[in-house]
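# Structure at a glance
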Amino acid sequence: MQIDIHILPAIAREAGNAIMGIYNDPARSGEVEHKADDSPLTLADKASHEVIVGALAKHFPGIPVLSEEGRDIPFEERKNWHTYWCVDPLDGTKEFVKRNGEFTVNIALIRDRKPVMGVIHVPVSGVTYYADQAGGAWKTDNAGNAVRLQTSHADADWTAVGSRSHGSPEEAAVLARYPVTRQVSVGSSIKFCFVAEGLAHIYFRQGPTMEWDTAAGQAILECSGGKMTTASGEPFLYNKASLLNGSFLCLCQ
């Protein structure tokens, strides 16, 4: 099936609108449940999931969907998937609860265990990042103006981007191996976009994350000229028996 990348930003924006409808409603935005791992779950997570799954089924029937809010798919069922969608309906739920605006909608297409297409939408700003291997990586603002993304290559004075909600001694040790002179923090998958658009040069994460946390970001980063690997330099692959990710390293080159 031929997939038009330009359909995906529209789906992500529709999901973002559903999220913002709840974010801007004081009566509903504070309704937070907790999953078995104690991570938060809001009405916005559920609303975005429903929009995305419905739209993907309409436009791309037959391609299975692996979503954070519908993740109970046994490995025996998905192990032979050649192509599938990997979705995080609301990445950065902690940021949503904190109301700092740093949360995203993530949609990625996985083919042969690698992300080949991705969209990250930031509902509060209306900015959308999207990429595929044929057309490269792009960023559009709320008015629809598009600019092509390209990583920034530098020999010195690197900027490292890291998590607003997570951090580790291992991260400091890895960054010490590179010419990092500045560090910035931001929530959710926006970190991948910082490297993709040249605002940062390196992003290291000492696990854990889930596959839907990283798939769209990896696609956008790699289509903009960057590289993502495991901490030991191996290819970063998807549809594992366990959907839990190990540590990873994103570089501008």
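Calculation notes
- Residues numbered from 1 in each chain as written.
- Predicted model: local features only at pLDDT ≥ 70, side-chain atom pairs only at ≥ 80, totals over all residues.
- Heavy atoms only, no water.
- Salt bridge = Lys/Arg side-chain N within 4 Å of Asp/Glu carboxyl O.
- Helix = DSSP H or I, 4+ residues; strand = E, 2+ residues; numbered from the N terminus.
- Buried < 20%, exposed > 50% of the residue type's maximum accessible area, 1.4 Å probe, protein only.
- Axes fitted to C-alpha atoms, helices over the stretch in contact; angles between N-to-C directions.
- Parallel < 35°, antiparallel > 145°, perpendicular 65-115°, else oblique.
- Left-handed = near helix turned anticlockwise from the far one by under 90°.
- Contact = heavy atoms within 4.5 Å.

### So, the pattern of salt bridges
- Counting across every chain of the model gives four salt bridges.
- Between Lys79 and Glu76 there is a salt bridge, and its shortest N-O distance comes to 3.1 Å.
- Close ionic contact of Glu211 with Lys240 constitutes a salt bridge, the shortest N to O distance being 2.8 Å. One end of the pair, Glu211, is in helix H8 (residues 211-223); the other, Lys240, is in the loop between strand E14 (227-230) and strand E15 (244-245), with 29 residues separating them in the sequence.
- On the basis of relative accessible area, Lys240 is assigned to the partly exposed category, the value being 22%.

### Quick notes on the packing of helix H1 (residues 7-23) against helix H3 (residues 43-59)
- Relative orientation of the contacting elements H1 and H3 amounts to 155 degrees, with a least axis distance of 8 Å. It follows that H1 is roughly antiparallel to H3 by the angle criterion. You can see that H1 and H3 cross each other, and the crossing is right-handed. Residues Ile7, Leu8, Ile11, Glu14, Ala15, Ala18, Ile19 and Ile22 of H1 form the contact with H3, whose own contacting residues are Leu43, Ala44, Ala47, Ser48, Val51, Ile52, Ala55, Leu56 and His59.

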